[in-house]
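# Summary of structural features
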Amino acid sequence: MKLFIGLDVSLAKTAVCVVSEHGKIVKEAEVGSDPAALTQFALEQQGEIAMIGMEAGPLSQWLHRGLTEAGLEVVLMETRQVKGALKAMPIKTDRRDAEGIARLLHLGWFRPVHCKSVSAQEIRALLGARKSIQQGVIALEMSLRGLLRNFGLKIGAISKGRFDARIQELVASNTTLVAATEPMLRARATLRHELARLERHVRSLAQDDPTCRLLMTMPAVGAVVALTFKSAVDDPARFSSSKKVGPWVGLTPSRQQSGERDVTGGITKAGDAHLRRALCQAATVMMNRGRGSWLRTWASRVAKRRGTKRAMVALARRIGVILHRMWLDGRNFCWEGAPEPIHA
């Protein structure tokens, strides 16, 4: 008898539901969120394990890797689709969610998600740390501006290097404000120092990686964008066509059709938000700064017809498609014009 096992993963415990090939619930249990415990539970079942499924989440990559190494067939399921299916249940519990995941596996009504390699996850961790520190610096600067604004002290537009001196100049005559701002300035200085170290490490990592060096031959694509793209895609061969990168990253228009109603809206915003943001930033830089190219000329023509915002999204989508094709073909960015496709 074939068995389908649904896992609803939480930090400490995982709700497990085993469904037979006939749709009958065979067993329900609660197991520790650990690959060894889940593997032992699966191997104890009486029957052939057809598939084990779980939502893509913080622990899912680790659990997927452990269960796969044990020789089990495991699939990560797209979170948006699973949540949409489970909304039909009037009562939401971990046990019911595990049952719903198992039934989705049994019916085959799910979209698998790629499990990233360890190296890709490590790059994502590094980029996530950089982003967190960067946001900490910005938050401190905005807090200082708001704190002094209450006293009519305006910092104004100023460079990062002169920010400390400007704050000290404004609060010099008020000992209370000096006591309030000095710890924040010291914390900001420490964060900026650590951010600079991470920036150097990110640039060094990109320069040492042949794929990133290849991707950075495109204008407006730097170390952060190249590493973000590489860690998000992970395996370029998993896309049968480079054109599928745009919809995967959520840069294609959404559509709602029902009867006589057919509405085309904004972009779907599905997929990796970090990659989507990085591609949009690269598109903005390409359109406004740096050396001109055929890609920038194409975006300018789109902007004249459809507006700057649509042109930026279209350019971001095309950048993702071209980066994927460059990676597959192993060719640098062609400045003169769109390259001819390589035929096998």
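Rules and cut-offs
Residues numbered from 1 in each chain as written. Predicted model: local features only at pLDDT ≥ 70, side-chain atom pairs only at ≥ 80, totals over all residues. Heavy atoms only, no water. Helix = DSSP H or I, 4+ residues; strand = E, 2+ residues; numbered from the N terminus. Buried < 20%, exposed > 50% of the residue type's maximum accessible area, 1.4 Å probe, protein only. Contact = heavy atoms within 4.5 Å. Areas by Shrake-Rupley, 256 points an atom, 1.4 Å probe, with all protein chains shown as cover. Lys, Arg positive; Asp, Glu negative; His and termini not counted. Charge placed at Lys NZ, Arg CZ, Asp CG, Glu CD. Polar contact = N/O pair within 3.5 Å; in protein donor to acceptor, adjacent residues only side chain to side chain. Phe/Tyr/Trp six-rings, centres within 6.5 Å; stacked < 30°, edge-to-face > 60°. 1 Å grid on protein atoms, 1.4 Å probe; cavity = no way out; pocket = protein on both sides within 12 Å on 5 of 7 lines; lining within 4 Å. Points joined across faces, edges and corners; volume = space filled by probe spheres on them. Nonpolar A, V, L, I, M, F, W, Y, C, P; charged D, E, K, R; others polar.

### Quick notes on the overall build of the protein chain
Secondary structure assignment for the protein chain yields 13 helices and eight strands. Taking the principal axes of its C-alpha atoms as reference, the protein chain extends roughly 80 × 60 × 50 Å. The proportion of buried residues among the 344 residues of the protein chain is 40%. Of the contacts made within the protein chain by residues no fewer than 6 positions apart, 58% connect residues no fewer than 24 positions apart. Only carbon and sulfur atoms are counted for the fraction: they give 53% of the accessible area of the protein chain, which is about 19,200 Å². Separation between the mean location of the 52 positive side-chain charges and that of the 31 negative ones in the protein chain comes to 11 Å.

### Structural notes on the side chain of D272
Tracing the sequence through the fold places D272 in the loop between β8 (261–267) and α11 (273–288). Polar side-chain contacts of D272 include one of 2.8 Å to the side chain of R124. Not counting the four nearest positions on each side in its chain, D272 is found in contact with R124, A232, W248 and V249.

### Notes on the packing of aromatic side chains
Tallied over the full model, the rule gives four aromatic pairs. Ring plane angle 55° and centroid distance 6.3 Å describe the contact between F229 and W327, whose orientation is recorded as tilted. Of the two residues, F229 is situated in helix α9 (residues 223–233) and W327 in helix α13 (residues 308–329); the sequence distance between them amounts to 98 residues. Residue F229 is classed as buried on the basis of its relative accessible area, which comes to 0%.

### So, the layout of surface pockets
One number sums up the size of the largest pocket: a volume of about 1,100 Å³. Of all the secondary structure elements, the ones that give two or more residues to the lining of the largest pocket are α2 (60–69), α3 (79–86), β6 (112–113), α5 (118–149) and α10 (245–248). Take the lining of the largest pocket: its biggest share by element is three residues, from α3. Across the lining of the largest pocket, the residue classes break down as eight nonpolar, nine polar and eight charged.

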